Amino acid sequence: MTGALDVNEFVAGYLVEVEEHLSASTANLLAVEAALRAGESSPRPIRELFRALHTIKGLSAMVGVEPIVDLAHAMETVLRAADRAAGSLSASSIEVLLRGLRAIEERARALAEGKPVLPAAPELLAALTALDLAAAPSPPVPTIGADPEILAKLGPGERVQLAQGVAGGRRALRVDFTPSPARTAEGVNITTVRERVGKLAEIVKVVPLSVPAGDGAPGGIVFALLVLTSAPDEEVARAAAADGVRALTVEPPVPPAVAALAEREPDEPVDQEPQLRGVVRVEVARLDDALDKLSALVVTRFRLARAAAELRARGVDTRDLSEILREHDRTLRDLRGAIMRARMISVKELLERVPLVVRGLGRATGKQVRLEIDAGKAELDKAVAERVFPAIVHLLRNAVDHAIEPPAERRRLGKPEEGVVRVSCFERSSNQLELSVADDGRGIDRALVARRAGRPAPESDAALLDLITLPGLSTLDQATKTSGRGLGMDIVRRIAVEQLSGELSVSTSPGAGTTFTLRIPLTLTIVDAFSFLCGDQLFVTPVAGVEEVVEIDAARIIRGPAPGEARGGTMLPAAGEARGGTMLPAAGEARGGSMLPAAGEARGGTRLIERRGEVVPLVDLGALFETGASPARRALVVRRHGAPFAFGVTRVIGQQEVVVRPLEDPLVRVPGVSGSTDLGDGRPTLVLDLVTLSGRLSAGRGGRGALVRVAS
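The text that follows walks through the structure, step by step, so that each part is easy to find. (Residues numbered from 1 in each chain as written. Predicted model: local features only at pLDDT ≥ 70, side-chain atom pairs only at ≥ 80, totals over all residues. Heavy atoms only, no water.)

### Here we look at the overall build of the protein chain
Here is step 1 of the chain: Of regular secondary structure, the protein chain possesses 22 helices and 29 strands.
Here is step 2 of the chain: A buried classification covers 47% of the 712 residues belonging to the protein chain.
Here is step 3 of the chain: Expressed as a percentage of contacts within the protein chain between residues at least 6 apart in sequence, the contacts between residues at least 24 apart total 70%.
Here is step 4 of the chain: When the accessible surface of the protein chain is totalled, it reaches about 34,400 Å², and 53% of it is carbon and sulfur. (Helix = DSSP H or I, 4+ residues; strand = E, 2+ residues; numbered from the N terminus. Buried < 20%, exposed > 50% of the residue type's maximum accessible area, 1.4 Å probe, protein only. Contact = heavy atoms within 4.5 Å. Areas by Shrake-Rupley, 256 points an atom, 1.4 Å probe, with all protein chains shown as cover.)

### Some details on the packing of aromatic side chains
Here is step 1 of the chain: This structure, assessed with the given rule, holds 3 aromatic pairs.
Here is step 2 of the chain: Here a set of aromatic residues connected by ring pairs shows up, and it is made of Phe532, Phe539 and Phe625.
Here is step 3 of the chain: The aromatic ring of Phe302 is capped on one face by Arg301, whose charged end is 5.2 Å from the ring centroid. (Phe/Tyr/Trp six-rings, centres within 6.5 Å; stacked < 30°, edge-to-face > 60°. Lys NZ or Arg CZ within 6 Å of the ring centre and 35° of its normal.)

### Some thoughts on unusual backbone geometry
Note: most peptide bonds trans; most residues except glycine with negative phi.
Here is step 1 of the chain: The backbone of Ala241 sits at a positive phi, close to 55°, despite the residue not being glycine.
Here is step 2 of the chain: Relative to the helices and strands, Ala241 resides in the loop between α10 (233–239) and β5 (245–247).

### Things to note about the environment of Lys115
Here is step 1 of the chain: Here Lys115 lies in the loop between α4 (91–112) and α5 (122–129).
Here is step 2 of the chain: Separated by 3.1 Å, the side chains of Lys115 and Glu113 make a polar contact. (Polar contact = N/O pair within 3.5 Å; in protein donor to acceptor, adjacent residues only side chain to side chain.)

### Digging into the sheet that holds strand β25 (residues 634–640)
Here is step 1 of the chain: Taking strand neighbours across the sheet as the criterion, the 5 strands line up as β16-β25-β26-β24-β23 in an open arrangement whose pairing is mixed. The sheet is open, and its two edges are formed by β16 (548–551) and β23 (608–611), each paired on a single side. Across the sheet, the axes of successive neighbouring strands diverge by a mean angle of 35°, strand direction being ignored.
Here is step 2 of the chain: Both β25 and strand β26 (residues 643–649) contribute to a ladder of 7 bridges, which runs antiparallel. Opposite Val638, over in β26, you have Phe645 as the bridge partner. (Pairing = 2+ DSSP bridges. Axes fitted to C-alpha atoms, helices over the stretch in contact; angles between N-to-C directions.)

### Comments concerning the nonpolar core
Here is step 1 of the chain: Within the largest apolar cluster, 50 residues are counted, with the highest numbers of intra-cluster contacts made by Leu380 and Leu518.
Here is step 2 of the chain: Per-element accounting of this core gives the leading share, 11 residues, to helix α15 (residues 382–403).
Here is step 3 of the chain: In contact with Leu518, not counting residues within four places along its chain, are Val388, Ala391, Leu395, Leu433, Glu434, Leu435, Ala496, Glu503 and Leu504. (Core = buried A, V, L, I, M, F, W, Y, C linked by side-chain atoms within 4.5 Å.)

### Re the packing of helix α14 (residues 354–365) against α15
When two helices pack together, their arrangement is given by the angle between the helix axes and the distance between those axes.
Here is step 1 of the chain: Interhelical geometry of α14 versus α15 gives an angle of 30° and a closest axis separation of 10 Å. Of the possible angle classes, the one that applies to α14 and α15 is roughly parallel. For α14 against α15, the interelement crossing comes out right-handed. Residues Val354, Val357, Val358, Leu361, Gly362 and Thr365 of α14 pack against Phe389, Ile392, Val393, Leu396, Arg397, Val400 and Asp401 of α15.
Here is step 2 of the chain: Grouping the amino acids of the contact of α14 with α15 by side-chain chemistry returns 9 nonpolar, 2 polar and 2 charged. (Parallel < 35°, antiparallel > 145°, perpendicular 65-115°, else oblique. Left-handed = near helix turned anticlockwise from the far one by under 90°. Nonpolar A, V, L, I, M, F, W, Y, C, P; charged D, E, K, R; others polar.)

### Looking at the side chain of Thr229
Here is step 1 of the chain: Structurally, the position occupied by Thr229 is in strand β4 (residues 221–229).
Here is step 2 of the chain: Polar contacts involving the side chain of Thr229 include one to the main-chain amide nitrogen of Ala231, which spans 2.9 Å.
Here is step 3 of the chain: Setting aside anything within four residues of it in sequence, one finds Thr229 in contact with Arg170, Arg171, Leu173, Leu200, Ala201 and Val236.

### A closer look at the packing of helix α11 (residues 284–313) against helix α12 (residues 319–343)
Here is step 1 of the chain: It is the contact of α11 with α12, at a shortest axis distance of 11 Å, that shows an interaxial angle of 165°. The orientation of α11 with respect to α12, classified from their angle, is roughly antiparallel. Helix-helix and strand crossings are classified by hand; for α11 and α12 the assignment is left-handed.
Here is step 2 of the chain: For the contact of α11 with α12, the residue count by class is 17 nonpolar, 2 polar and 6 charged.

### Looking at the pairing of strand β11 (residues 432–439)
Across a regular strand the side chains alternate sides, sitting on one face of the sheet and then on the other.
Here is step 1 of the chain: Across the 8 residues that make up β11, a large majority, 8, are buried.
Here is step 2 of the chain: By the alternation rule, side chains of β11 split into Gln432, Glu434, Ser436 and Ala438 and Leu433, Leu435, Val437 and Asp439, which are all buried.
Here is step 3 of the chain: Note that β11 and strand β13 (residues 513–521) share 8 bridges and pair antiparallel. Across the sheet, residue Leu435 finds its bridge partner in β13, namely Leu518.

### A closer look at the sheet that holds β4
Here is step 1 of the chain: An order of β3-β4-β2-β5 is seen for the 4 strands of this open sheet, with the pairing classed as antiparallel. The sheet terminates laterally at β3 (201–210) and β5, the two strands that pair on one side only. Each adjacent strand pair in this sheet contributes to an overall mean axis angle of 25°, direction not counted.
Here is step 2 of the chain: Bridge analysis of strand β2 (residues 171–177) against β5 gives 3 bridges, and the strand direction is antiparallel. Residue pairing in the sheet places Arg174 in a bridge with Arg246 of β5.
Here is step 3 of the chain: Against the sheet, helix α9 (residues 190–198) makes contact with β2, β3 and β4, and its axis sits at roughly 150° relative to β3, the strand it touches most.

Here it is, written out as structure tokens:
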């Protein structure tokens, strides 16, 4: 071994570890604050917070970042006292600890950017040292029925955690796992047992016990798992590879507001044995490189398919080659799935910072806000997640600052003083995510928005969305620290619609609240797409944006101007959008005293087709782009703000995976064109965003000329 150890080699890994522990620490500290508001103690979050800061301190000492060591040590001291007080922290303590976490984050960011790491602020260290936790009243002590050697290693936090679990209706159990060479050979060890038991129960403590070596315990050690569970004893025993379980008696149950216990806990948790996790950290740049190489393989596949088709056209027997190509397609699709799964992050991880954002907004505005998050098991490509998060922050800012009423106003309206903001998301399909931000506030005042915009009052939610996303529009007379400069909703629209080729919608009710919904693709680089011809021009569009492909009956099309073109001085809207103050009804519904005719009947030149009793505006893409005179035989139906819109095409070629390359140059970016792709012929093929294009045509924006210039 030569040379001194270079700690810089560990900085990248250190920063990743610190980021993870800081994220977990913030979540646990906010959980402590929520428990404090509910009048409850929170032993488990405090203990997890203590362990995270203890780890940060150790890692920082190893790398030599002394300011972070000082901060983590001071916070650790406060949390040790809180753990001995059975999970009791004051509101002022939480605020100071949050300042400490922000200070650690700032110094870690400085280290990552190669900037000097500032020493810990003396006033912050003094505030942490001055935190007084001794005033907490002494609670009744719970009696735990367990062996003395277990009780000797059971800290006050774990005792209260067991008592609260029993008070909540769960059973406290002791499950013993005895390691042996035979079990190790089968892959059964304390780590795997913890993982399996953790799926059925809340593990409060793992206590290693020394026992006489023998046939029953070859290693002379037994791990006692103290758990809280509602699962049957047999399932817990089976998960722990144990012969049975033993009940722990807890008498009497401790009331929710538990404070100090006088017992002393060992400085280091005894159940923190090393755990091997099946996780490998990979830099995003490496995943991006793998995706780029996969993209090249996708293009090569198109070239191979073209070459095979040319050989078949010359009469060459390509049956073996075709079989190889089919196998290659399956392997390539599996490889794509594997790489994309490696790039996916949990939406829960994306939303980890949201509670802290809402907390800060509530304190800045003086409003009481409760955040509810329902992310399920949805996942999202990291690149998409990074783009969409600013949109989520803007929606949250609007919800707290504009929508949620002050406590006094909510009391006057008969509402709870605490407003509710709910963030929920789920996967709508294999390639699309729906994310919504809802509140129970005052709703959007349509008349006020219309006056600010200098427009007529919108009658539909779609028209309202067009108004509130106008650049520079704000309903506040004066800008505030949180919002009011009129940029938020315009940014949300640009991110969701233009950058991510998704859809944004709104639903609002006066006095009841507002819900904004984003529908965005799970990934942007390699997508499933329909390829189709308009005249002799080839285009592709993502499958996620197409609701249906239908045949066009030429005899039942009404010839006339396309939606968005002038018609007697009036713009023709899409079905369901406002038209002269009236919603365009479905076929057969009354309209101004007359019935709307079915498709195929004369109606003032409107181009419509009928689809299962629904009237759908139709635009011929070939005519719009001037790509040829071939008639449209098929239509791709999309839906915008709930209203259908059909685009006529000459021929749908098929569905395939394509590599989307965004148009970076602002001079060639046009609404409705999201990028380009290579289908193996070496020529760029435009990728159309038909949902956005339908919106531009319905509103009469964009114009045919701009689209034709891009198409040509």
